[in-house]
Amino acid sequence: MGSPERGTDVWPIVHAERAALIHDLEGLADEQWEQPSLCEGWTVRDVAAHLVDSARTTRLGFAVGLVRARFDFHRQNARGVARERGASPQETLGRLRQVASLTSTPPAPLDSRIVEEVIHGEDIRRPLGLARPYPRDAVVRALRLQTRTPASFGGAKELVAPLRLTATDADVSIGDVSIGGGREVTGPALSLLLAVMGRREALSELDGPGVGALGQPT
């Protein structure tokens, strides 16, 4: 298990989000666990299992797993889901409880742990009709990280390069509108984050001439 870097405030945010998701999952019927999530090809239970796997992942474990997956991130993630699903939804939930306070991390910026919790929290909640008032700072930090991270590392840097993203509920604007020829996108920070991460369901919550560009496949 890893340890938190001195002076960081990432882990309290992550741990609070894990606790909130566990609370929401505790009220699900078994059939709700098998409902499709916003993460294409994964059910609600698959996403929860992925969060368990992600919480357990160390820098060394990530490297070893990637080699075994022949450097295929999707294969590596699929193996993690299969490993952590357990025999029933309640076992998946139990495993999520076990990892809720861990501070392990793969070789990535620590704010990527916030991204995991917010994005996958919405992957689960939205199809179930659940809502969470995420801390604004957590959403903004996740958005800033993903817009400067290349697609090859799970980000959206190339996608948003010709756009200017402006949150209507937070003090954040990303990009130069002159570069994008006026293609601005405005909306709630959470919706911007979901859209840049390929969740098309959030596009209807955004405005501006650049919205169509966010809906393009990457």
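Structure first, text after, so check above.
Procedures and definitions
Residues numbered from 1 in each chain as written. Predicted model: local features only at pLDDT ≥ 70, side-chain atom pairs only at ≥ 80, totals over all residues. Heavy atoms only, no water. Salt bridge = Lys/Arg side-chain N within 4 Å of Asp/Glu carboxyl O. Helix = DSSP H or I, 4+ residues; strand = E, 2+ residues; numbered from the N terminus. Buried < 20%, exposed > 50% of the residue type's maximum accessible area, 1.4 Å probe, protein only. Contact = heavy atoms within 4.5 Å. Polar contact = N/O pair within 3.5 Å; in protein donor to acceptor, adjacent residues only side chain to side chain.

A. Representation of the pattern of salt bridges. Within this structure, the stated rule accounts for 16 salt bridges. The partner of Glu84 in a salt bridge is Arg56, and the shortest N-O contact between them spans 3.1 Å. One end of the pair, Glu84, is in helix H5 (residues 73-84); the other, Arg56, is in helix H3 (residues 44-56), and 28 residues separate them in sequence. The class for Arg56 is partly exposed, based on a relative accessible area of 35%. Two residues, Glu84 and Arg95, come together in a salt bridge whose shortest N-O distance is 3.6 Å.

B. Highlighting the side chain of His50. One can find His50 in helix H3. On the basis of relative accessibility, which here comes to 6%, the residue His50 falls in the buried class. Residue contacts for His50: discarding those within four places in its chain leaves Trp42, Asn77, Val81, Glu116 and His120.

C. Up close: the side chain of Asp46. Within the fold, Asp46 resides in helix H3. For Asp46, a relative accessible area of 10% corresponds to the buried category. Only 2.7 Å separates the side chain of Asp46 from the side chain of Arg85, close enough to count as a polar contact. Aside from chain neighbours lying at most four places away, what touches Asp46 is Gly41, Val81 and Arg85.

Such coordinate-based values are descriptive only and should not be taken to indicate function.
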